[in-house]
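# Residue-level structural notes
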Amino acid sequence: EKCGESAQVDTLPGSDKFASVVVVPKPDKGRARGDECTAYLAHIVANYDSLADFTIFLQSDPQDHLHFDFFDLVLRSMAATTYSVPYLPLNG
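Residues numbered from 1 in each chain as written. Predicted model: local features only at pLDDT ≥ 70, side-chain atom pairs only at ≥ 80, totals over all residues. Heavy atoms only, no water.

As a further point, take the environment of Q59. If you trace the backbone, Q59 turns up in the loop between α1 (36-46) and α2 (68-79). In this view, Q59 contacts E36, Y40, H65 and N91; residues no more than four positions away in its chain are not counted. (Helix = DSSP H or I, 4+ residues; strand = E, 2+ residues; numbered from the N terminus. Contact = heavy atoms within 4.5 Å.)

Quick look at the pattern of salt bridges now. According to the stated counting rule, one finds one salt bridge in the structure shown. With a shortest N-O distance of 2.7 Å, R76 and D72 are connected by a salt bridge. Highlighted residues: R76 and D72, both in helix α2, separated by four residues, approximately one helical turn. (Salt bridge = Lys/Arg side-chain N within 4 Å of Asp/Glu carboxyl O.)

The subject of this paragraph is the packing of aromatic side chains. We describe a pair of aromatic rings using the distance from one ring centre to the other and the angle between the two ring planes. Following the criterion strictly, the structure yields two aromatic pairs and no others. With 4.6 Å between their ring centres and 35° between their planes, Y40 and F57 make a pair best called tilted. Pair noted here: Y40 is in helix α1 and F57 is in the loop between α1 and α2, with a separation of 17 residues, a long-range link. Overall, F57 belongs to the partly exposed group, its relative accessible area being 29%. A ring pair is formed by F54 and Y83, whose centres lie 5.5 Å apart and whose planes are at 70°; its orientation type is edge-to-face. In this pair, F54 sits in the loop between α1 and α2 while Y83 sits in the segment after α2, placing the two residues 29 residues apart along the sequence. (Phe/Tyr/Trp six-rings, centres within 6.5 Å; stacked < 30°, edge-to-face > 60°. Buried < 20%, exposed > 50% of the residue type's maximum accessible area, 1.4 Å probe, protein only.)

The next point concerns a nonpolar patch on the surface. Among the surface-exposed residues, I44, Y48 and L51 lie close enough to one another that they form a single nonpolar patch of about 290 Å² accessible area. Assignment of secondary structure puts I44 in helix α1. (Patch = residues over 30% accessible without salt bridge, like charges linked within 9 Å, V, L, I, M, F, W, Y side chains within 5 Å. Areas by Shrake-Rupley, 256 points an atom, 1.4 Å probe, with all protein chains shown as cover.)

One non-glycine residue, T81, adopts positive backbone phi at about 55°. Relative to the elements of secondary structure, T81 occurs in the segment after α2.

Spelled out as structure tokens, the structure:
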């Protein structure tokens, strides 16, 4: 959710390449801002003992922040088991 609009995951290029895609709504509560960082942390805390080998966090409007050609390269590297970087920021 961003500015009252929900993310449309199924329209993102390459979304079909993932085992699962989860949208975590984190709306503002009172004066506390609910943003993507809150959703990222909530996922890590809730799944700490069973995190996937790879977890990709995207903003709710990745088409405005993500370099899709680079993202495709990273996905190909993961599929080829040649990806070994512990953290990689993909937003530009």
